[in-house]
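# Residue-level structure breakdown
This is what each chain is made of:
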Amino acid sequence: MKTTVFAFALVAALAACSANSDLYLIGSDVPQTKVRVATPSVEVKEVTLPAYAAASEIAYQTPEGALKTAKGVLWAEEPRAAVTRIIAEQLDAGTTAQVAAEPWPLLDSADTTLNLRIDRMVARADAQFELSGQYAISSFSGREKLRRFTILQPIIDTAPATIAAATGAALAQLSKEIAQELR
């Protein structure tokens, strides 16, 4: 009985905390041009993020180098799913390939697979938003590529809206780089 009462109290407390949070979406612009690529279809595997970037809280770096979370604000979507979806949407709209996030929705398997591992996704104290990591492109034709990337977006502050916009801009830049590798 005590365990049940405690569980209900904990759930109620967590609900009360999140009810007063502002929610932010990662910015996402649709590419205006299409890159002709060498593959007809691409499956984007679930993106790997560092723990602080996968959390629902929006993190930023202090001048001392510590990572802090913005008070009273959360990501509107689970970050791993949001980044995976945005990369898939950007590549689908910006290339001639059919692109979808896993699980692949069509009966025939995708010709190409994209694995993306993000090592850093943070608003740094030096007024830069950093997106860095590695991606792997594999296809049934035997073409494989492994590339590291670092994308820096200037930011004016570490406000949640600024971080959300910079995250979206960095993901758009990464999608363009990946599209060029798919050529």
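Higher on the page you've got the structure.
Quick caveat, the model's predicted, so the values are computed rather than measured.

The next point concerns the overall build of the protein chain. Along its length, the protein chain carries 4 helices and 8 strands. In the protein chain, the order of α-helices and β-strands from amino to carboxyl end is α-β-β-α-β-β-α-β-β-β-β-α. Once local pairs closer than 6 in sequence are excluded, the contacts in the protein chain between residues at least 24 apart make up 69%. About 10,200 Å² of surface is accessible on the protein chain, with carbon and sulfur atoms providing 55% of the total.

Here we come to the pairing of strand 7 (residues 128-139). Regular strands have side chains that alternate between both faces of the sheet. Counting buried residues along strand 7, 9 of its 12 residues qualify, which places the element largely inside the surrounding structure. One ladder, built from 11 bridges, connects strand 6 (residues 112-123) with strand 7; its direction is antiparallel. Following the sheet pairing, M121 is matched in strand 7 by L131. Hairpin geometry of strand 6 and strand 7 is characterised by an intervening segment of 4 residues between the two adjacent antiparallel strands and by a positive phi of about 65° at A127. The pairing of strand 7 with strand 8 (residues 144-154) spans 11 bridges and is classified as antiparallel. Bridging from a neighbouring strand, Q128 pairs with P154 of strand 8.

As a further point, take helix 3 (residues 79-94). Residue pairs three or four apart in sequence face the same way in an α-helix, which turns once every 3.6 residues. Here helix 3 contains 16 residues, and its C-alpha end-to-end distance of 22 Å stays within 8% of the 22 Å for a straight helix at 1.5 Å per residue. On its buried face, helix 3 sits against strand 2 (41-44), helix 2 (51-54), strand 4 (67-75), strand 5 (98-101), strand 6 and helix 4 (160-181). Capping the start of helix 3, E78 holds a side-chain oxygen 3.1 Å from the backbone nitrogen of R80, two or three residues further along.

So, about the side chain of E43. Checked against the element boundaries, E43 lands in strand 2. A polar contact is formed between the side chain of E43 and the backbone nitrogen of W104, at a distance of 3.3 Å. Non-local contacts of E43, meaning those with residues more than four positions away in its chain, are made with A100, E102, P103, W104, A110, T112, T113 and L114.

We now examine the environment of Q153. With respect to the helices and strands, the residue Q153 is situated in strand 8. In this structure the C-alpha to C-alpha distance between Q153 and F129, which are 24 residues apart in sequence, comes to 4.9 Å. With residues near it in sequence (within four places) discarded, Q153 still touches A127, Q128, F129, A166, A169 and A170.

Another point: empty space enclosed by the protein. By the definition in use, this model includes 2 cavities of 30 Å³ or more. The volume enclosed by the largest cavity comes to roughly 70 Å³. Along the walls of the largest cavity sit Y52, A53, E57, I58, A59, W75, M121, F129, I163 and T167, which together make up its complete lining. Within the residue set of the lining of the largest cavity, elements represented by two or more residues are helix 2, strand 3 (57-61) and helix 4. When residues in the lining of the largest cavity are grouped by element, the largest group, 3 residues, is from strand 3. Its residues placed into classes, the lining of the largest cavity shows 8 nonpolar, 1 polar and 1 charged. Every residue along the wall of the second largest cavity is listed here: Y24, L25, I26, W75, A76, E77, P79 and A82. Class assignment of the residues belonging to the lining of the second largest cavity gives a composition of 7 nonpolar, no polar and 1 charged.

Generally speaking, soluble globular proteins have nonpolar side chains that are buried together. Core analysis: the largest hydrophobic core is formed by 42 residues, its most contacted members being I87, L114, I118, F129, L131 and L174. Of all the secondary structure elements, the ones that give two or more residues to this core are strand 2, helix 2, strand 4, helix 3, strand 6, strand 7, strand 8 and helix 4. Setting aside its immediate chain neighbours within four residues, L174 contacts I87, L116, L131, Y135, F149 and I151.

Conventions adopted
Residues numbered from 1 in each chain as written. Predicted model: local features only at pLDDT ≥ 70, side-chain atom pairs only at ≥ 80, totals over all residues. Heavy atoms only, no water. Helix = DSSP H or I, 4+ residues; strand = E, 2+ residues; numbered from the N terminus. Contact = heavy atoms within 4.5 Å. Areas by Shrake-Rupley, 256 points an atom, 1.4 Å probe, with all protein chains shown as cover. Buried < 20%, exposed > 50% of the residue type's maximum accessible area, 1.4 Å probe, protein only. Pairing = 2+ DSSP bridges. Expected span 1.5 Å × (residues − 1). Polar contact = N/O pair within 3.5 Å; in protein donor to acceptor, adjacent residues only side chain to side chain. 1 Å grid on protein atoms, 1.4 Å probe; cavity = no way out; pocket = protein on both sides within 12 Å on 5 of 7 lines; lining within 4 Å. Points joined across faces, edges and corners; volume = space filled by probe spheres on them. Nonpolar A, V, L, I, M, F, W, Y, C, P; charged D, E, K, R; others polar. Core = buried A, V, L, I, M, F, W, Y, C linked by side-chain atoms within 4.5 Å.

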